[in-house]
Amino acid sequence: QASQGRSPEAWSSRTRRMYAMLASAFGESEGEALSYAAMIGKTKDGPEKRRVVAGCFQELLYLCTHGLIDLKQQTPYANILVSKTELFEQVVAAH
């Protein structure tokens, strides 16, 4: 069932958008880890911000659960670093 999570066809549209955004950001960072704080810092302020930020985090957890990314946080409430795994690259190569 974990392999199902690696198939973009089985993903929600929100997961596909998150994956595409991460693929682009990893390309710009030349594969370096991304800052969750920086990613959500670009979210527009407004009544929907909390929902959008929570949704983004949920998608990161989904991708992490299926082995496509790693999430690292040094201490509670600290920034979260998002890094890609080899499986992330395999999904890119397959599509």
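Anything mentioned here points back to the structure above.
This text gives an overview of the structure that appears in the document. All values derive from a computational prediction rather than experimental measurement.

Here Lys 84 lies in strand S3 (residues 80-84). Separated by 16 residues in the primary sequence, Lys 84 and Leu 68 have C-alpha atoms spaced 6.2 Å apart. The contact partners of Lys 84, leaving out residues within four places of it in the chain, are Phe 26, Gly 31, Leu 68, Ile 69 and Glu 89. Here the side chain of Lys 84 touches Glu 89 through a polar contact of 2.4 Å, side chain to side chain.

Before going further, it helps to spend a moment on the nonpolar core. Grouped together as the largest cluster of nonpolar side chains are 18 residues, with contacts concentrated most on Leu 22, Leu 60, Leu 63, Ile 69, Val 82 and Phe 88. Looking at this core, the elements with two or more residues in it are helix H1 (13-28), helix H2 (36-41), helix H3 (49-65), S3 and helix H4 (86-94). Beyond its immediate sequence surroundings of up to four residues, Val 82 is in contact with Leu 22, Phe 26, Ala 33, Leu 34, Met 39, Leu 60, Ile 69, Asp 70 and Leu 71.

The next thing to look at is the layout of surface pockets. There is about 330 Å³ of room inside the largest pocket. Along the wall of the largest pocket there are 14 residues; nearest its centre are Arg 14, Met 18, Met 21, Val 52 and Cys 56. Elements represented by at least two residues in the lining of the largest pocket include exactly H1, H2 and H3. When residues of the lining of the largest pocket are assigned to their parent elements, the largest contribution, five residues, is made by H3. Across the lining of the largest pocket, the residue classes tally to seven nonpolar, two polar and five charged. Roughly 200 Å³ of internal volume is contained in the second largest pocket. Along the walls of the second largest pocket sit Met 21, Ser 24, Ala 25, Glu 28, Ser 29, Leu 34, Ser 35, Ala 38, Met 39 and Lys 42, which together make up its complete lining. The set of elements that each furnish at least two residues to the lining of the second largest pocket consists of H1, strand S1 (34-35) and H2. In terms of residue count, the dominant contributor to the lining of the second largest pocket is H1 (four residues).

Before going further, it helps to examine the pattern of salt bridges. Across all of its chains, the model carries four salt bridges by this definition. Two residues, Asp 45 and Lys 49, come together in a salt bridge whose shortest N-O distance is 3.1 Å. In this structure Asp 45 comes out as exposed when scored by relative accessible area, which is 67%. The shortest N-O distance in the salt bridge between Lys 84 and Glu 89 comes to 2.4 Å. With a relative accessible area of 35%, Glu 89 lands in the partly exposed category.

Reading guide: rules and limits
- Residues numbered from 1 in each chain as written.
- Predicted model: local features only at pLDDT ≥ 70, side-chain atom pairs only at ≥ 80, totals over all residues.
- Heavy atoms only, no water.
- Helix = DSSP H or I, 4+ residues; strand = E, 2+ residues; numbered from the N terminus.
- Contact = heavy atoms within 4.5 Å.
- Polar contact = N/O pair within 3.5 Å; in protein donor to acceptor, adjacent residues only side chain to side chain.
- Core = buried A, V, L, I, M, F, W, Y, C linked by side-chain atoms within 4.5 Å.
- Buried < 20%, exposed > 50% of the residue type's maximum accessible area, 1.4 Å probe, protein only.
- 1 Å grid on protein atoms, 1.4 Å probe; cavity = no way out; pocket = protein on both sides within 12 Å on 5 of 7 lines; lining within 4 Å.
- Points joined across faces, edges and corners; volume = space filled by probe spheres on them.
- Nonpolar A, V, L, I, M, F, W, Y, C, P; charged D, E, K, R; others polar.
- Salt bridge = Lys/Arg side-chain N within 4 Å of Asp/Glu carboxyl O.

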